[in-house]
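Here is how the chains run, residue by residue.
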Amino acid sequence: QVQLVESGGGLVQPGGSLRLSCEASGSISRITYMGWHRQTPGKERELVARIYSVGVTTYADSAEGRFIISRDNAKNTVYLQMNDLKPEDTAVYYCNLVADWSNNYWGQGTQVTVSS
C-alpha cells in the first residue's frame, strides 16, 4: 500500500506564492511519475503538472510559466512551487503517483485559496 501525504496549502493573496509538498511512503515499486491535479466543485479533476522519474516535466497551459514541479527522489517527495497565484487557481490540489505505468495512487487533497 502507498500513502501520499500533502502539505503546504492555505490562503494567499493574488500574486502570492505557495509551495505544496507530497511525500510518498509504503510499498513503492518503480515510480513512473508523480504530479499534481486540482479540482473545484462541479468540475472534473484536471492535471496541473507532472514529473517523470527521468526528470521530464509536463504542465497544464494554466500552470506554464508560473508553477514549477520538482522532485527529491531520495525522499520520494514531489513539490509544486506556485507563483503569481490567481483567484482561478483556487481549488483542492491532489498529489498523484503512478507506479509501473498502471498503479495509480492519490493523496487526500489540500485546499489552496487565492483571495484578497
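Everything discussed here concerns the structure shown above.
In this report, the structure presented in the accompanying data block is examined.

Calculation notes
Residues numbered from 1 in each chain as written. Predicted model: local features only at pLDDT ≥ 70, side-chain atom pairs only at ≥ 80, totals over all residues. Heavy atoms only, no water. Helix = DSSP H or I, 4+ residues; strand = E, 2+ residues; numbered from the N terminus. Contact = heavy atoms within 4.5 Å. Areas by Shrake-Rupley, 256 points an atom, 1.4 Å probe, with all protein chains shown as cover. Phe/Tyr/Trp six-rings, centres within 6.5 Å; stacked < 30°, edge-to-face > 60°. Buried < 20%, exposed > 50% of the residue type's maximum accessible area, 1.4 Å probe, protein only. Disulfide = S-S within 2.5 Å. Core = buried A, V, L, I, M, F, W, Y, C linked by side-chain atoms within 4.5 Å. Pairing = 2+ DSSP bridges. Polar contact = N/O pair within 3.5 Å; in protein donor to acceptor, adjacent residues only side chain to side chain.

## Details of the overall build of the protein
Consideration 1: Along its length, the protein carries zero helices and eleven strands.
Consideration 2: Secondary structure elements in the protein, listed N-terminal to C-terminal, are β-β-β-β-β-β-β-β-β-β-β.
Consideration 3: For the protein, restricting intrachain contacts to residue pairs at least 6 apart in sequence, the fraction spanning at least 24 positions comes to 53%.
Consideration 4: About 6100 Å² of surface is accessible on the protein, with carbon and sulfur atoms providing 46% of the total.

## Comments concerning the packing of aromatic side chains
Consideration 1: Summed over all chains, the structure comprises two aromatic pairs.
Consideration 2: Pairing Y52 with W101 gives two aromatic rings, centres 6.4 Å apart and planes at 40 degrees, and the pair type is tilted. Of the two residues, Y52 is situated in strand β5 (residues 46-52) and W101 in the loop between β9 (91-99) and β10 (103-106); the sequence distance between them amounts to 49 residues.
Consideration 3: Residue W101 is classed as exposed on the basis of its relative accessible area, which comes to 66%.

## Focus: the state of the cysteines
Consideration 1: In this structure the tally under the stated criterion is one disulfide.
Consideration 2: With its sulfur 2.0 Å from that of its partner, C22 forms a disulfide with C95. Its torsion about the S-S bond being -80 degrees, the disulfide of C22 and C95 is classed as left-handed. Of this pair, C22 sits in strand β3 (residues 18-26) while C95 sits in strand β9, and the two are 73 residues apart along the sequence.

## Some points on the nonpolar core
Consideration 1: Judged by nonpolar contacts, the single largest core of 28 residues is most densely connected at W36, L80, M82 and Y93.
Consideration 2: Mapped onto this core, the elements with two or more residues apiece are β1 (2-7), β3, β4 (31-39), β5, β7 (67-72), β8 (77-82), β9 and β11 (110-114).
Consideration 3: In terms of residues, this core owes the most to one element, β9, which gives five residues.
Consideration 4: Y93 has contacts with E6, L20, W36, H37, R38, V48, F67, L80, M82, G109, T110 and V112, leaving out every residue within four places of it along the chain.

## Focus: the pairing of β10
Consideration 1: With four bridges joining them, β9 and β10 adopt antiparallel strand pairing. Counterpart to N96 in the pairing with β10 is W106.
Consideration 2: If you look at the hairpin formed by β9 and β10, you'll find three residues sitting between the two strands, and D100 has a positive phi there, around 50 degrees.

## Re the side chain of R66
Consideration 1: Relative to the helices and strands, R66 is located in the loop between β6 (57-59) and β7.
Consideration 2: Classification of R66 by relative accessible area gives buried; the value is 11%.
Consideration 3: A polar contact is formed between the side chain of R66 and the backbone oxygen of S62, at a distance of 2.7 Å.
Consideration 4: One polar contact links R66 to D89, side chain to side chain, over a distance of 2.7 Å.
Consideration 5: Residues contacting R66, with those up to four places away along its chain left out, are Q81, M82, N83, D84, L85, K86 and D89.

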